[in-house]
Amino acid sequence: MRQLMTMHSSAPNTVDSLPALAAPRPRLGKLCVAIQGVTAAEMMGRAETVLKDSKFLEFRLDACHKPAATLNALKEFLSEHRDVTAIGTCRRKPFGGMFDGALTAELDVLLKAAEAGCRIVDLEVESAEEAKPAQLDKFRAGLQAAGAALLVSFHDFSRTKGLAQAAERIEAFEPDFVKVVSTARTLSDNLEVLRLIEDRSLGAQVVGIAMGEEGLVSRVLGPRAGAAFTFASPDDGAETAPGQVTARTLRDLYRVDQLDQATRIFGVAGNPIAHSLSPLMHNTAFRRESVNAVMLPLKVRALDDLLTLVRQLPLGGVAVTMPLKQEVLPHLANMDPLTSRIGACNTLRTGADGKLYGFNTDVAGVVRPLEKRMRLRGSRIVVLGAGGAARAAVFGLVEQGAEVFIVNRTHETAVALAKQAKAKALKLEQLAKNQFDALINTTPCGMAGSKQALPMKESELNAGLVFDMVYNPLETPLLKLAKERGLAVVSGIEMFVQQGARQFEIWTGKPAPEAEMLKVVELALRRRG
Ligand code: NAP
């Protein structure tokens, strides 16, 4: 609003009445990389390493043992790198920072940071309120003389509440930038932050972030909602705030600087979810197929919270993991008959009517790789395990006309599933006495960190093809054994990609770039070792 009023002011300006020129508005990127270090050398060293990727840096001077002693190095750095836009921050301890000096010392460091070349300085609202009017006027005059803009910030390290009041406290100082940072405890907290940005960004340069893993949505979508920029860490392990993600992740994985109002938002929901490969796989596919969409990991503690986000953000669709696959069923407007029979839905799509529609793409994840290699109708397939993943396999394969046998550690569970799905339950000891066209492992045996390598004895492997749903490691002990025996194999990664490819088709109506999806997921798993 202040900007518009300035532009449309009808009062003619005479030379005498012209206001003093404000500091030229810095040209900013969408991503500001926050740098900290305990010594000047460490801080400038870190800044040097991020320069090839980012020219917009925040220097957390409060992290230095001697902030004042770092200013010379900062000045030198900024005069050597004139294309860098820098924010200087020296937050005091009571307000979440690391600086244990008094207000006067903080103002002094910030002013010197401006004189050293920082184009913006960050003053927490508590300090602005504590300062005497004359002290603040002098500080602001100093900033103006140095050509630096003032950002006033509010931080809540425990929750997301009262953001509008926080913004009003800041706006009372008429700063160049309003920064409101809270802590997300739920996914819905992101909505509060995004609303604040939307409501206020027409009249001011606003930065809004919810910290914490649940707050990732606000970090990625803040600029799309109108935020001046968002913060990132230079590297994993160098975060200056909880939940901060690396600049590379924000730029390359979530394409923060390309998101706009037309971008469709998708999510993968679960808990834990941080290590899910779905965002990498789907974001790669969106980019490859020029689909204006982004997928975010959503840490869900309660289904209601997820549903609020889905409706109000809104989300175009969600990939759901256990135990949400069953919990979500009563909230669907409709689902396909197979999903209904399986009793688990791993894919949500929001219809044009705003209602949720459910699909089970795990079925395609099992069926598609198998039907490429064998005729399913009339084939004999044994499924080891009777949990969630087994359900999709058993129902899907029975529907394709296969004769399906279930072997499970807890035999009664196998019997119950067999009855529901029109399959047959076998006891473990019957495994060796039968020959199968394919064996599918749906137990976690063989997974990295699992105590048991194989889901059955080596001598019980009586099948022409072996399909292991476990995909970490890429080559499980079961697949290794099968290869040594010269058997055909299907890896869990193929299932993961196929179920994801079907999701992509449901969400976009386009064929999925399967080869690209497989390549990127394989590479990520190899890197994880
Ligand atoms: P779940 O519902 O917990 O079921 C696990 C099944 O494995 C149960 O039948 C359980 O038997 C059995 N089991 C567990 N530990 C065992 C052991 N030490 N020995 C023998 N049987 C054991 O899990 P889920 O959701 O079905 O997932 C199972 C596996 O599939 C996981 O490793 C998951 O990562 C993988 N998965 C992969 C994909 C993919 O895209 N590739 C998709 C979904 C799942 P009881 O009934 O006796 O407990």
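As a reminder, the structure under discussion sits directly above these lines.
Residues numbered from 1 in each chain as written. Predicted model: local features only at pLDDT ≥ 70, side-chain atom pairs only at ≥ 80, totals over all residues. Heavy atoms only, no water.

Novice: Can you help me understand the overall build of the protein in this one?
Specialist: Along the backbone of the protein there are 20 helices and 20 strands. Its C-alpha atoms give the protein principal-axis dimensions of about 95 × 50 × 35 Å. By the burial criterion, 55% of the 529 residues in the protein qualify as buried. Expressed as a percentage of contacts within the protein between residues at least 6 apart in sequence, the contacts between residues at least 24 apart total 68%. Here the protein carries 65 positive and 59 negative side-chain charges, and the mean point of each set is 5 Å from the other. (Helix = DSSP H or I, 4+ residues; strand = E, 2+ residues; numbered from the N terminus. Buried < 20%, exposed > 50% of the residue type's maximum accessible area, 1.4 Å probe, protein only. Contact = heavy atoms within 4.5 Å. Lys, Arg positive; Asp, Glu negative; His and termini not counted. Charge placed at Lys NZ, Arg CZ, Asp CG, Glu CD.)

Novice: When you look at the site of the ligand in this model, what are you seeing that I'm missing?
Specialist: Lining the immediate surroundings of the ligand are 20 residues, of which A386, A389, N408, T410 and T442 lie closest. For the ligand, an oxygen atom lies 2.8 Å from a polar atom in the backbone of A386. M469 places a polar main-chain atom, nitrogen or oxygen, 2.9 Å from a nitrogen atom of the ligand. Relative to its unbound accessible area of 930 Å², the ligand is 73% covered by the protein chains. For the shell around the ligand, the elements supplying multiple residues, two or more each, are α16 (388-399) and α19 (492-508). Of the residues forming the shell around the ligand, the biggest block, 3 residues, is contributed by α19. Looking at the shell around the ligand residue by residue, the class counts come to 10 nonpolar, 9 polar and 1 charged. (Near = heavy atom within 4 Å. Polar contact = N/O pair within 3.5 Å; in protein donor to acceptor, adjacent residues only side chain to side chain. Areas by Shrake-Rupley, 256 points an atom, 1.4 Å probe, with all protein chains shown as cover. Nonpolar A, V, L, I, M, F, W, Y, C, P; charged D, E, K, R; others polar.)

Novice: Looking at this model, I keep getting lost on the state of the cysteines. Mind explaining?
Specialist: Such a bond, covalent and formed between the sulfur atoms of two cysteines, is termed a disulfide. In the structure shown here, the tally under the stated rule is 0 disulfides. As a non-bridged cysteine, C90 has C64 as the owner of its nearest cysteine sulfur, 8.7 Å distant. (Disulfide = S-S within 2.5 Å.)

Novice: Got a minute to help me understand the pattern of salt bridges in this structure?
Specialist: As a working rule, side chains carrying opposite charge can pair if their charged atoms are close by. What the rule picks out here adds up to 33 salt bridges. With a closest N to O distance of 2.8 Å, E129 and R169 form a salt bridge. A residue pair is termed long-range when its members are at least 10 positions apart, and E129 in helix α5 (residues 125-130) and R169 in helix α7 (residues 163-171) qualify at 40 residues. Taking relative accessible area as the criterion, E129 reaches 38% and is therefore assigned partly exposed. In this structure, K325 and D362 form a salt bridge, with 2.8 Å as the shortest nitrogen-oxygen distance. Linking K325 in helix α13 (residues 324-327) with D362 in helix α15 (residues 362-371), this pair joins segments that are 37 residues apart in sequence. Judged on exposure class, the residue K325 and its partner D362 are both buried. By sharing partners, the salt bridges in this structure join R91, R92, E106, D122, E124, E130 and K179 into a single network. (Salt bridge = Lys/Arg side-chain N within 4 Å of Asp/Glu carboxyl O.)

Novice: How should I be thinking about helix α18 (residues 477-484) in this particular structure?
Specialist: In an α-helix, one turn spans 3.6 residues, which is why side chains three or four residues apart end up on the same side. Those residues of α18 lying buried are L478, L479, L481 and A482. Projected onto a plane normal to the axis of α18, the buried residues spread over an arc of 160° and lie on a single side. Packed against the buried residues of α18 are β18 (436-441), β19 (463-468) and β20 (488-490). Taken from the residues just after α18, G486 is the one with a positive phi, measuring 80°. (Arc of directions from axis to C-beta.)

Novice: Honestly, the packing of aromatic side chains in this entry has me stumped. Any pointers?
Specialist: Scanning the model with the defined rule gives 9 aromatic pairs in all. Taking 4.9 Å as the distance between ring centres and 75° as the angle between the ring planes, the aromatic pair formed by F56 and F229 counts as edge-to-face. Pair noted here: F56 is in strand β2 (residues 56-60) and F229 is in the loop between α9 (216-225) and β8 (230-232), with a separation of 173 residues, a long-range link. With respect to burial, F56 and F229 carry one shared label: buried. (Phe/Tyr/Trp six-rings, centres within 6.5 Å; stacked < 30°, edge-to-face > 60°.)

Novice: How should I be thinking about the environment of E475 in this particular structure?
Specialist: With respect to the helices and strands, the residue E475 is situated in the loop between β19 and α18. By relative accessible area, which is 38% here, E475 ends up partly exposed. For the pair E475 and S491, spaced 16 residues apart in the sequence, the C-alpha separation amounts to 7.5 Å. Those residues in contact with E475 that sit more than four places away from it in its chain are K480 and K483.

Read these as spatial facts, not as claims about activity.
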